[in-house]
Amino acid sequence: MYIYNVTTNIELEIEQEWLSYIKNTHIPAMIATGCFTGAKLTRVMVHEEKGGKTYSIQYAVKDKETFKGYYVAYASDMNTTLDNLFKGNYVSFQTELEVIEDFY
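Here the residue numbers are simple positions, counted from 1 along each chain's written sequence. Where totals are concerned, whole chains, interfaces and linings use all residues; where local detail is concerned, this predicted model gives features only for residues with pLDDT of at least 70, and gives and counts side-chain atom pairs only at 80 or more. For the side-chain quantities, the full set of heavy atoms in the structure was used; hydrogens and water were omitted.

*Asks:* Just to check I follow, could you spell out helix H2 (residues 64–86) for this structure?
*Replies:* Every α-helix winds through 3.6 residues per turn, so residues three or four apart in the chain are directed the same way. Here the bend at a residue means the angle between the axes of two seven-residue stretches, the one that ends at it and the one that starts at it. Secondary structure is summarised from DSSP: a helix means a run of H or I of at least four residues, a strand means a run of E of at least two, and numbering begins at the N terminus for each. Where H2 bends most, at Tyr74, the angle is about 60°. Classification of residues uses two cut-offs on accessible area relative to the type maximum, computed with a 1.4 Å probe and protein chains only: under 20% is buried, over 50% is exposed, and between them is partly exposed. All buried positions along H2 are accounted for by Thr66, Phe67, Tyr70, Ala75, Met78, Leu82 and Phe86. Buried positions along H2 lie against strand E1 (2–10), helix H1 (15–32), strand E3 (53–61) and strand E4 (90–98). Nitrogen and oxygen atoms within 3.5 Å of one another constitute a polar contact, given that in protein one can donate a hydrogen and the other can accept it, and given that sequence-neighbouring residues count only through two side-chain atoms. Its side-chain oxygen placed 3.3 Å from the backbone nitrogen of Glu65, Asp63 serves as the N-cap of H2. Two residues or fewer after H2 comes Gly88, characterised by a positive phi angle close to 85°. Note on definitions: a residue-residue contact is assigned when non-hydrogen atoms from the two residues lie within 4.5 Å.

Rendered as structure tokens:
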């Protein structure tokens, strides 16, 4: 299994609007692509010297081919939509992770 991790620092002035959009629209749209089997939204527990709040969304992905399919078919539109709504108010980066083993 793999994880597509998106870490975003969002300005405080629009944090609640962004969170509402992410929870109610963006994550459900990502799941609806069929590329992800689930998602986890977390807040990064650090004080940001430059301000804002930082969040991480971790999307579960079954294989590398699914990653490729997401990038080809959906990533551009998803990013454009976020930019249209929040451009200039957030900084984001993505990381692909391979799950080696789960421990609970």
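Next, the rest of the story.
*Asks:* Explanation requested: the side chain of His26 in the structure shown.
*Replies:* Its place among the elements puts His26 in helix H1. Discounting residues that sit within four places of it in the chain, His26 has contacts with Tyr21, Tyr59, Met78 and Leu82.

*Asks:* Help me out: how do you make sense of the packing of aromatic side chains in this one?
*Replies:* Here the distance between the centres and the angle between the planes together describe a pair of aromatic rings. Pairing of aromatic rings covers Phe, Tyr and Trp, the last counted by its six-membered ring, and requires centre-to-centre distances within 6.5 Å; plane angles under 30 degrees mean stacked, over 60 mean edge-to-face, and any other angle means tilted. Applying the stated criterion across every chain yields a total of 13 aromatic pairs. Where Tyr2 meets Phe67, the ring centres are 5.9 Å apart and the plane angle is 70°; that geometry is what we call edge-to-face. A residue pair is termed long-range when its members are at least 10 positions apart, and Tyr2 in strand E1 and Phe67 in helix H2 qualify at 65 residues. Ring plane angle 85° and centroid distance 6.0 Å describe the contact between Tyr4 and Tyr71, whose orientation is recorded as edge-to-face. You can see Tyr4 sitting in strand E1 and its partner Tyr71 sitting in helix H2, a full 67 residues away along the chain. You can call Tyr71 partly exposed: its relative accessible area is 35%.

*Asks:* Looking at this structure, I do not really get the sheet that holds E1. What am I missing?
*Replies:* Two strands in a sheet stick together by hydrogen bonds in their backbones, pointing the same way (parallel) or opposite ways (antiparallel). For two strands to be treated as a pair, DSSP must find at least two bridges joining them. Strand order across the open sheet formed by four strands is E2-E3-E1-E4, with antiparallel pairing between neighbours. In this open sheet, the two strands that pair with only one neighbour each are strand E2 (38–43) and E4. Across the sheet, the mean angle from the axis of one strand to that of its neighbour is 15°, orientation sign disregarded. Sheet topology places E1 next to E3; nine bridges connect them, and they run antiparallel. By the bridge assignment for E3, Val6 is matched with Ile57. What counts as an axis is a line fitted to C-alpha atoms, over the stretch in contact for a helix, and the angles between N-to-C directions run from 0 to 180 degrees. Of the strands in this sheet, E1, E2 and E3 touch H1, which is tilted by about 5° from E3.

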